[in-house]
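Spelled out, the chains give:
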Number of protein chains: 2
Amino acid sequence: MNLPDKRIGAQTVRLADPPSVLAEASGAGKKEGDGPLGRLFDTVYDDTSCGEKSWEKAESRMQRETLLKAAAKARRSLPEIELCYAGDLLNQCIGTSFAMRELGLPLYGLYGACSMMAEGLGLAAMAVDGGFAGVAAAVTSSHFCSAERQYRLPLEYGGQRLPTAQWTVTGAGAVILGRDGPPPYITHVTTGRIVDGGIRDAGDMGAAMVPAACDTLLAHLRDTGRGPDDYDLIVTGDLALYGMKLLRELMRREGVALGENYTDCGVLLYDLKRQDVHAGGSGCGCSAAALCARILPGLRGGEWNRVLFCGTGALLSPVSTAQGESIPSICHAVAISNGRD
Amino acid sequence: MNLPDKRIGAQTVRLADPPSVLAEASGAGKKEGDGPLGRLFDTVYDDTSCGEKSWEKAESRMQRETLLKAAAKARRSLPEIELCYAGDLLNQCIGTSFAMRELGLPLYGLYGACSMMAEGLGLAAMAVDGGFAGVAAAVTSSHFCSAERQYRLPLEYGGQRLPTAQWTVTGAGAVILGRDGPPPYITHVTTGRIVDGGIRDAGDMGAAMVPAACDTLLAHLRDTGRGPDDYDLIVTGDLALYGMKLLRELMRREGVALGENYTDCGVLLYDLKRQDVHAGGSGCGCSAAALCARILPGLRGGEWNRVLFCGTGALLSPVSTAQGESIPSICHAVAISNGRD
């Protein structure tokens, strides 16, 4: 295989001129605002309708306002954002289409379920590194109420959940990348492959996504020649409580020990003892809000210097579940560092 | 605005080292096989169930087989495809997720409705030009029966259509790009913005997409300093019969005359007099199959030397329509040339 310059393995690229994270912003709902990251979100919507007439429009407004906030923090006007990568969980990604309708940004729509922030971040980083944009953005969102209506049952039904079930985060995250700027930098992108472990239970999406997370983590470590200890933090999103345990076990069987530096966005967002979310958070907004409220600020503050951000997505739909199919999943990994390596 | 090297305007990049179209492949259903491009498709599925138990699985099979065919024509093994960009119209893009599940390719999932082939082609071209992949693929599909079930009514209902309605193409297209290779080359990518002309009629998607097509065409011509006559062929997909007329009119009002070199994938796929498809074709598979069966081979054969391929997508969903929303749309344009400019 004739690898181009930036390609350092079957799934990983090392960016030649690592883009700077100019700014990030996060928005979240009331429940998330009551959680452990509550004080860290740029905006908490105590009214999760966000003043709109439908949950779908509420999600769009939250996504749009989060992107505008990130642009303002980066001191960039909208026309300076030359490429935007965005997506969400809703059918035909209407959360994004209606969020972006008023902004006039050159846009690539994505679908990668809950891996969306890692997917968009990786693509935006490649766009900047490749010379296609001086400034690029990645944004995504999810909303508990729009997701419940679409994937499960109307809220009014009040269905019971399994202990393995996850709670769709009402939240959004937006990142603005630029060619030149201060740390942190995006240094590596490992593109995921679809992996299907045969899990058929849509109430156990953490387990369904574990094989994809394992596949991408192993690819990243193999391609970069790194070990888990080369990162101050490895964070998956959103395997949640049981998925995390399964990933540790699966990685252990592959000869890789994930230590104390491993965590998951699904357990960062909520207080699992106090808040009734069962195994933890999920949704595109879960890893996006955790990245933008906790992880990137933690890098800026020197709490960590090198982080591997692994977005995981369960690529099921109510139709595939009804047809008896198992759940294909994907995980994209992005290395973020205060240095340029 | 500090433009990076490859950026030549607000929405357009000129690729420094234009990627070669190594090969393309197309698959289509029986009705499409009976149309004007019938003999040009690599595969015609006379049984549009493709031997599968559901329409969704049929679409997945068609998409997968089309990608495999394109890889075979490019004489590349699957592991040589370093990045793949794919998407479809189905909720959560399950057409793609299940198509790609068995292939193990590093994958970025997209959603851009019927603009998907232009979106994927642009992203794949940037990935190759940026040094992120030596070989990259773009693939998409649509299926009349899976789309009807999801967007409109069960087939058994036999609903009547408006004259402006379009027929979702059962078809798929896949393109393999490489760093080095013969013409045609991808020379420019113009990324679309979401534009909403206020059309609320989901039975007139051509009209809904026209403002986006106009916006992107004008951006492309402005950014490149070109006129319509600099292209041997300008092809939108899929505005269909009435949308084409509206685009000509809208462009004329902007001072740009689209001449005889302008056509639309929605009218290429079917014989509008003989086949009962009303205004023409639509669906991700429409422009994808037209590109791969007719346009790229036409470039190879020297029938045209420079083509502007403009994929148009209507970003509606049954939910947004039910909520009384208008239809946001997007159009991405990709310039393809037998020369490197």
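Residues numbered from 1 in each chain as written. Chains lettered and ligands numbered in written order. Predicted model: local features only at pLDDT ≥ 70, side-chain atom pairs only at ≥ 80, totals over all residues. Heavy atoms only, no water.

By the element assignment, G280(A) lies in the loop between helix 8 (265-268) and strand 12 (281-282). The residues touching G280(A), leaving out its near neighbours within four places in the chain, are A165(A), Q166(A), W167(A), A240(A), G266(A), Y270(A) and L272(A). (Helix = DSSP H or I, 4+ residues; strand = E, 2+ residues; numbered from the N terminus. Contact = heavy atoms within 4.5 Å.)

Now for the packing of helix 6 (residues 205-224) of chain A against helix 7 (residues 240-253) of chain A. All names here are of chain A. It is at 9 Å that the axes of helix 6 and helix 7 come closest, and there the two elements cross at 40 degrees. It follows that helix 6 is oblique to helix 7 by the angle criterion. Where helix 6 crosses over helix 7, the two elements pack in a sense that is right-handed. Packed against helix 6, whose contacting residues are G206, A207, V210, P211, A213, C214, L217, L218 and L221, the element helix 7 presents G243, L246, L247, L250 and M251 at the interface. Residues that form the contact of helix 6 with helix 7 fall into these classes: twelve nonpolar, two polar and no charged. (Axes fitted to C-alpha atoms, helices over the stretch in contact; angles between N-to-C directions. Parallel < 35°, antiparallel > 145°, perpendicular 65-115°, else oblique. Left-handed = near helix turned anticlockwise from the far one by under 90°. Nonpolar A, V, L, I, M, F, W, Y, C, P; charged D, E, K, R; others polar.)

With that out of the way, let us pick up the relation of the copies chain A and chain B. When chain A is fitted to chain B, the best match, at an RMSD of 0.0 Å, comes from turning it 180 degrees and sliding it 0.0 Å along the axis. Here the transformation between the copies is reduced to the relation of a two-fold axis. Here 100% of the contact residues of chain A are again contact residues in chain B; the copies associate through an equivalent surface. (Least-squares fit on C-alpha atoms with pLDDT ≥ 70 in both.)

Here we take up the interface of chain A and chain B. Tallying the contact residues gives 66 residues for chain A and 66 residues for chain B. Of the roughly 5400 Å² buried between chain A and chain B, counting both surfaces, carbon and sulfur atoms make up 58%. Seen at the junction of chain A and chain B, the total is six salt bridges. The salt bridge partner of D196(B) is R101(A), with a shortest N-O separation of 2.7 Å. Applying the counting rule to chain A against chain B returns 31 residue pairs in polar contact (both at pLDDT 80 or more). Breaking the side of chain A that touches chain B down by element, the ones donating at least two residues are helix 2 (55-73), strand 4 (83-88), helix 3 (94-100), strand 5 (107-109), helix 4 (116-129), helix 5 (144-151), helix 10 (318-322) and strand 14 (329-337) of chain A. (Buried area = accessible area lost by both parts, 1.4 Å probe. Salt bridge = Lys/Arg side-chain N within 4 Å of Asp/Glu carboxyl O. Polar contact = N/O pair within 3.5 Å; in protein donor to acceptor, adjacent residues only side chain to side chain.)

Moving on, we get to the packing of aromatic side chains. All names here are of chain A. Here the structure, examined in full by the defined rule, presents four aromatic pairs over all chains. Summarising the aromatic geometry, the rings of F144 and W167 are spaced 3.9 Å apart at their centres and angled 5 degrees between planes, so their arrangement reads as stacked. One end of the pair, F144, is in helix 5; the other, W167, is in strand 7 (residues 167-168), with 23 residues separating them in the sequence. Judged on exposure class, the residue F144 and its partner W167 are both buried. Seen from the ring of Y185, R340 lies directly overhead, with NZ or CZ sitting 4.2 Å from the centre. (Phe/Tyr/Trp six-rings, centres within 6.5 Å; stacked < 30°, edge-to-face > 60°. Buried < 20%, exposed > 50% of the residue type's maximum accessible area, 1.4 Å probe, protein only. Lys NZ or Arg CZ within 6 Å of the ring centre and 35° of its normal.)

Following G237(A), the chain continues to D238(A) via a peptide bond in cis, the omega torsion being 15 degrees. Topologically, D238(A) is positioned in the loop between strand 10 (233-237) and helix 7. Between P183(B) and P184(B) the backbone carries a cis peptide bond, its omega angle lying at 0 degrees. Take P184(B): it is sitting in the loop between strand 8 (171-178) and strand 9 (185-190). Here Q92(A), not a glycine, exhibits a phi torsion of approximately 60 degrees, which is positive. By relative accessible area, Q92(A) is classed as buried at 2%.

Within this structure, the stated rule accounts for 42 salt bridges over all chains. Between R61(A) and E65(A) there is a salt bridge whose closest N-O contact spans 3.0 Å. Placement of the pair is R61(A) and E65(A) together in helix 2, with a separation of four residues, close to one helical turn. Judged by its relative accessible area of 28%, E65(A) falls in the partly exposed class. Taking the shortest distance from any N to any O, the salt bridge between R222(A) and D223(A) comes out at 3.9 Å. Overall, the relative accessible area of 11% leaves D223(A) in the buried class. Among the charged side chains, a network of salt bridges with common partners joins K57(A), R101(A), D196(B) and E325(B).

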